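Observations on chain architecture
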Amino acid sequence: MTETPQRPLRVLAAMSGGVDSAVAAARAAEAGHDVTGVHLALSANPQSFRTGARGCCTIEDSRDARRAADVIGIPFYVWDLAERFREDVVEDFVAEYEAGRTPNPCLRCNEKIKFAALLDKALALGFDAVCTGHYAKVIVNDDGTRELHRASDMAKDQSYVLGVLDDKQLAHAMFPLGDTVTTKDEIRAEAERRGLAVARKPDSHDICFIADGDTQGFLAQRLGRAEGDIVDESGTKLGTHEGAYGFTIGQRKGLRIGTPAPDGKPRYVLDISPVNNTVTVGPAASLDVSGLTAIKPRWCGVAPTGPGTYTAQLRAHGGETPVTAELVGDELQVAFEEPVRGVAPGQAIVLYDGTRVVGSATIATTSRATAVA
């Protein structure tokens, strides 16, 4: 198996304005590929997006990307995908919270924007591949099929948010940083050696389209305030809230419950019901999940048949847990070897076979080790 293409390619490098995507584009060009840089304008009014390190959607970021492309010596364009981003990522994010689920907008952006809208346009223009600064690896087998694998450096691995890519998208994906086993400081040092001004630019954090990082305030503006009850597992009212969408499964802080638990221990969000606008809280042990069902599976290759044993990742920065999983119809049924705490509907479960990404699906329901009354 090989991890690098055998011939020069026409490559479209998605440049966010950050250090990782700039170094990835530089490495692709250095490898002899015909590289063109593109910055995705994802906001119809980028002045309203945050400045500094929060995300990758500002005018400042587009200028940083352009300067990096100039230094690398590649053509550069800005493509307006704001409307597609609003529909497929922002509106999806709001709708998922309104339905009591906890979405991952970065994963949705990779699926719908970077490796759907962007890739479709790139292929139509004659490009062979889309290059990004993600830390993951595409391995080419002897028969020409491709596999998505974790990055060589697990500390920087981002394969979880790429688990939505199918085999056709993997055929045109390039991740030049995937084999890098270095610290972020060394990546920054490489950028500095290359003369890239983004070498010392802070990493992006949080959700790029929420300017101040206040997710609850963002949702309140769009969904309005809707007072409801906070109850315990027996249904006893403990307090009120201003919108069930402001809570996530496993949340401990910000519950604003005046009455302490009988045992004096912290309480956590166990369930969110948009139907009756109720949030159920209880002890940490009630967060333990023994299994789940997931919908909308996407496979990085051929879909598995029959039950299989895998490891699963449930959060972008979470660890792995052993599972048994089986595709039954269009639904993925998963059983955990040991109970897992705080799994929320709407999140993605990504299955791995060793370092290989098997595929992903969206969590629909969970089976609690200790049932909520």
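None of the values given here were measured: they were computed from a predicted structure.

Definitions and cut-offs
- Residues numbered from 1 in each chain as written.
- Predicted model: local features only at pLDDT ≥ 70, side-chain atom pairs only at ≥ 80, totals over all residues.
- Heavy atoms only, no water.
- Core = buried A, V, L, I, M, F, W, Y, C linked by side-chain atoms within 4.5 Å.
- Buried < 20%, exposed > 50% of the residue type's maximum accessible area, 1.4 Å probe, protein only.
- Helix = DSSP H or I, 4+ residues; strand = E, 2+ residues; numbered from the N terminus.
- Domains from an automatic or database assignment.
- Contact = heavy atoms within 4.5 Å.
- Buried area = accessible area lost by both parts, 1.4 Å probe.
- Salt bridge = Lys/Arg side-chain N within 4 Å of Asp/Glu carboxyl O.
- Nonpolar A, V, L, I, M, F, W, Y, C, P; charged D, E, K, R; others polar.
- Pairing = 2+ DSSP bridges.
- UniProt positions renumbered as here; feature names shortened; annotations may be inferred.
- Polar contact = N/O pair within 3.5 Å; in protein donor to acceptor, adjacent residues only side chain to side chain.
- Phe/Tyr/Trp six-rings, centres within 6.5 Å; stacked < 30°, edge-to-face > 60°.
- Axes fitted to C-alpha atoms, helices over the stretch in contact; angles between N-to-C directions.

Points about the nonpolar core
Formed by 47 residues in total, the largest nonpolar core has its most connected members in Phe85, Phe93, Leu148, Phe175 and Phe209. Among the elements of the structure, strand 1 (10-14), strand 2 (34-41), helix 3 (82-98), helix 4 (105-124), strand 5 (136-140), helix 7 (215-223) and strand 16 (348-353) are those that each provide at least two residues to this core. With eight residues, the top contributor of residues to this core is helix 4. When residues of this core are assigned to domains, at least three fall in each of domain 1 (10-200) and domain 3 (287-368).

Brief notes about the domain arrangement of the chain
Annotation of the chain at the domain level lists domain 1 (10-200), domain 2 (224-285) and domain 3 (287-368). Computed over C-alpha atoms, the centres of domain 1 and domain 3 are 25 Å apart. Between domain 1 and domain 3, the residue contacts involve 24 residues of the former and 22 residues of the latter. Counting the surface domain 1 buries against domain 3, the share from its top three residues, Thr102, Arg150 and Tyr160, is 39%. Where domain 1 meets domain 3, there are three salt bridges. Arg298 is paired through a salt bridge with Asp166; the nearest N and O atoms lie 3.8 Å apart. At the level of elements, helix 4, strand 6 (146-150) and helix 5 (167-170) are the ones that each hand at least two residues to the side of domain 1 that touches domain 3. If one sorts the elements of the side of domain 1 that touches domain 3 by residue count, strand 6 sits on top with five residues. Residues belonging to the side of domain 1 that touches domain 3 are distributed by class as follows: eight nonpolar, six polar and 10 charged.

Some thoughts on the sheet that holds strand 1
A sheet is described by the order of its strands in space; here five strands give the open sequence 3-2-1-4-7, paired in parallel fashion. Here the strands that pair on one side only, and so sit at the sheet edges, are strand 3 (76-80) and strand 7 (173-174). Where strand 1 and strand 4 (residues 129-131) come together, three bridges link them in parallel fashion. When the sheet's bridge partners are listed, Val11 is paired in strand 4 with Ala129.

Points about the UniProt feature "site: Interaction with tRNA" (unreviewed entry) in the chain
Taking the numbering used here, the UniProt-annotated feature "site: Interaction with tRNA" (unreviewed entry) corresponds to His134 and Gln347. Excluding anything up to four places from it in sequence, His134 contacts Asn110, Lys114, Gln158, Val161, Leu162, Phe175, Leu177 and Gly178. Relative to the helices and strands, Gln347 resides in the loop between strand 15 (331-341) and strand 16. In contact with Gln347, not counting residues within four places along its chain, are Thr102, Leu314, Arg315, Gly342, Ala361, Thr362 and Ile363. A distance of 2.9 Å separates the side chain of Gln347 from the backbone nitrogen of Ala344, its partner in a polar contact.

As for the pattern of salt bridges
Within the structure shown, the criterion is met by 25 salt bridges. In this structure, Glu87 and Arg86 form a salt bridge, with 3.9 Å as the shortest nitrogen-oxygen distance. You can call Arg86 partly exposed: its relative accessible area is 36%. Across the salt bridge formed by Asp288 and Arg341, the nearest N and O atoms sit 2.9 Å from each other.

Remarks on the packing of aromatic side chains
With the rule as written, the count across this model stands at six aromatic pairs. With centroids separated by 5.2 Å and ring planes inclined at 80 degrees, the aromatic side chains of Phe93 and Phe209 adopt a geometry described as edge-to-face. Taken together, the residues span a long stretch of sequence, with Phe93 in helix 3 and Phe209 in the loop between helix 6 (184-193) and helix 7 at a distance of 116 residues. Like Phe93, the residue Phe209 is buried in the burial classification. An aromatic cluster is defined as three or more aromatic residues linked by ring pairs; in this entry it consists of Phe85, Phe93, Tyr97, Phe209 and Phe218.

A word on the pairing of strand 9 (residues 237-241)
One ladder, built from four bridges, connects strand 8 (residues 228-231) with strand 9; its direction is antiparallel. Paired with Val231 across the two strands is Lys237, which belongs to strand 9.

Regarding helix 7
Taken as a whole, helix 7 has its buried residues at Phe218, Leu219 and Ala220. At its buried positions, helix 7 is contacted by helix 3. Positive phi appears at Gly224, one or two residues downstream of helix 7, with a value of about 80 degrees.

Let's talk about the UniProt feature "binding site: ATP" (unreviewed entry) in the chain
Here, the residues flagged by UniProt with the feature "binding site: ATP" (unreviewed entry) are Ala14, Met15, Ser16, Gly17, Gly18, Val19, Asp20, Ser21, Leu40 and Gly133. In this structure, Ser21 sits in helix 1 (residues 19-30). Each residue touching Ser21, except ones within four places of it in the same chain, is listed here: Ala14, Met15, Ser16 and Gly133. From its side chain, Ser21 meets the backbone nitrogen of Ser16 in a polar contact 3.1 Å long. Relative to the elements of secondary structure, Gly133 occurs in the loop between strand 4 and strand 5. Taking relative accessible area as the criterion, Gly133 reaches 12% and is therefore assigned buried. Those residues within four positions of Gly133 in sequence are excluded, and the remaining contacts are Asp20, Ser21, Ala24, Gln158 and Leu177.

Considering the sheet that holds strand 10 (residues 268-273)
Remark on secondary structure: sheet strands pair via backbone hydrogen bonds, oriented parallel or antiparallel. Read from one edge of the open sheet, four strands run 9-8-11-10, paired in mixed fashion. Where the open sheet ends on each side, the last strands, each with one partner, are strand 9 and strand 10. With strand direction ignored, the average angle separating the axes of adjacent strands in the sheet is 25 degrees. As defined by bridge partners, strand 10 adjoins strand 11 (residues 278-282) across five bridges and the pair is classed as antiparallel. The residue bridging Tyr268 from the neighbouring strand is Gly282, located in strand 11.

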